[in-house]
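Okay, here's what each chain looks like letter by letter:
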Amino acid sequence: MASHQQLGKLILLSALDSPNVAIALQQHMRFSTSAPNVGYLASGHEAQRQYFSATQQVYASFGAQMDTYCELTQDYSEQAFSDLLNCDMIHLAGGDTFGFLQGVIQRQVSEQLVQYYLQGGSFIGLSAGAMLLTDTIATAPLCGDNNAVGLKDLSGLGLYPNLYVPHVTDPQALVPKLQQFADDHVDQLHSDTIVLASDNDVIVYSHGQQQVYGQPLFWSLND
């Protein structure tokens, strides 16, 4: 296993088009050599790669290059996945969280993604991609996702110690659902905190420390 010093960086966000996201990505994508090479892991099939193209443009504005596209569905390529693991950072796209995790399970790539991080690779998780970095994606219904694929095992990559809910506009309105979530899952969880993040909130997690941009709410499951 990699040493503590080799661990990569995790950047969790709800959206790409906000002031705090721009600040955070500009600060944390600085590399000592040329522009960082960011790979793109789609959450599902992109026939026209429209989300990939839009994301490419965003990263280009931050001085990063994004040439590697990989998906885990019908257009999966072992070569593309190998190329992905050679990138400086991997962007985990937004979309259907349950479908995303299903692809990870079916392609049996969870351990490879974890090892990428342990050996110094960094992840930028967008919405569904951010939830994938946590212990479980069981929080996905709190932002409107449905388990249409019928997944039984909702275990995520387990790299970020808290749970995560993106696109939160009114944290107080979520309290009854959070209390019900705690009642339903408390005995199954390793995390005791849920991050409620708006589209302008960013969490950067590195070596056990986190830097916060915006005002996400850290809600304790023990309350």
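Residues numbered from 1 in each chain as written. Predicted model: local features only at pLDDT ≥ 70, side-chain atom pairs only at ≥ 80, totals over all residues. Heavy atoms only, no water.

### Some details on the overall build of the protein chain
From N to C terminus, the protein chain includes seven helices and ten strands. Oriented by its inertia axes, the alpha-carbon framework of the protein chain measures out at about 45 × 35 × 35 Å. Within the protein chain, residue pairs in contact and separated by at least 24 positions form 77% of the contacts whose partners lie at least 6 positions apart. With an accessible surface of roughly 10,400 Å², the protein chain has 44% of that area assigned to carbon and sulfur atoms. Each charge sign in the protein chain was given a centre, from 6 positive and 21 negative side chains, and these centres are 5 Å apart. (Helix = DSSP H or I, 4+ residues; strand = E, 2+ residues; numbered from the N terminus. Contact = heavy atoms within 4.5 Å. Areas by Shrake-Rupley, 256 points an atom, 1.4 Å probe, with all protein chains shown as cover. Lys, Arg positive; Asp, Glu negative; His and termini not counted. Charge placed at Lys NZ, Arg CZ, Asp CG, Glu CD.)

### Some details on the nonpolar core
Membership of the largest hydrophobic core comes to 38 residues, with the highest contact counts inside it found for Leu10, Leu41 and Phe123. Among the elements of the structure, strand 1 (9-13), helix 3 (78-85), strand 4 (89-92), helix 4 (97-107), helix 5 (110-118), helix 6 (128-132) and strand 8 (202-206) are those that each provide at least two residues to this core. Excluding anything up to four places from it in sequence, Leu41 contacts Cys70, Leu72, Leu84, Ile90, His91, Leu92, Ala93, Phe100 and Leu113. Core analysis: the second largest hydrophobic core is formed by 23 residues, Met29, Val38, Met66 and Met89 among them. (Core = buried A, V, L, I, M, F, W, Y, C linked by side-chain atoms within 4.5 Å. Buried < 20%, exposed > 50% of the residue type's maximum accessible area, 1.4 Å probe, protein only.)

### What about unusual backbone geometry?
In the Ramachandran plot, Arg49 falls in the positive-phi region, its phi being about 55° despite a non-glycine side chain. Tracing the backbone shows Arg49 in the loop between strand 2 (38-41) and helix 2 (50-61). Arg49 sits in the partly exposed class, given a relative accessible area of 37%. In this structure, Ser127 takes a positive phi of about 55° despite not being glycine. By relative accessible area, Ser127 is classed as buried at 9%.

### With respect to the layout of surface pockets
Computed from the structure, the largest pocket encloses a volume of approximately 370 Å³. Taken together, 22 residues line the largest pocket, and the ones lying closest to its centre are Tyr40, Tyr51, Thr55, Gly94 and Leu126. For the lining of the largest pocket, the element with the highest residue contribution is helix 2, accounting for five residues. Partitioned by chemical class, the residues of the lining of the largest pocket number nine nonpolar, ten polar and three charged. (1 Å grid on protein atoms, 1.4 Å probe; cavity = no way out; pocket = protein on both sides within 12 Å on 5 of 7 lines; lining within 4 Å. Points joined across faces, edges and corners; volume = space filled by probe spheres on them. Nonpolar A, V, L, I, M, F, W, Y, C, P; charged D, E, K, R; others polar.)

### Section: the environment of Met131
Inspection of the secondary structure puts Met131 in helix 6. Note: C-alpha distance between Met131 and Val165 (34 residues apart in sequence) is 7.2 Å. Those residues in contact with Met131 that lie beyond four places of it in its chain are Thr97, Thr136, Ile137, Thr139, Ala140, Cys143, Asp145, Tyr164 and Pro166.

### A few points about the sheet that holds strand 5 (residues 122-126)
Here we have seven strands laid out as an open sheet, ordered 3-2-4-5-1-8-9, and mixed in their pairing. At either end of the open sheet lies a strand with only one pairing partner, and these are strand 3 (69-70) and strand 9 (209-213). Across four bridges, strand 2 lies against strand 4 in parallel orientation. What sits directly across from Tyr40, in strand 4, is His91. (Pairing = 2+ DSSP bridges.)

### A few points about the sheet that holds strand 6 (residues 163-165)
Pairing within the open sheet is mixed, and its three strands lie in the order 6-7-10. For this open sheet the edge positions go to strand 6 and strand 10 (217-220), each flanked by a neighbour on one side alone. Sheet twist, expressed as the average angle between the axes of neighbouring strands with direction ignored, equals 25°. Alignment of strand 6 against strand 7 (residues 193-196), held across three bridges, turns out to be parallel. In the strand pairing of strand 7, Tyr164 is matched with Val195. (Axes fitted to C-alpha atoms, helices over the stretch in contact; angles between N-to-C directions.)

### Considerations on the confidence of the model for the protein chain
The predicted model of the protein chain has a mean per-residue pLDDT of 91, with 95% of residues at 70 or higher. Contacts for the low-pLDDT stretch residues 1-5, under 50 throughout, to residues beyond four places or in other chains number six contacts. (pLDDT = per-residue confidence, 0-100.)

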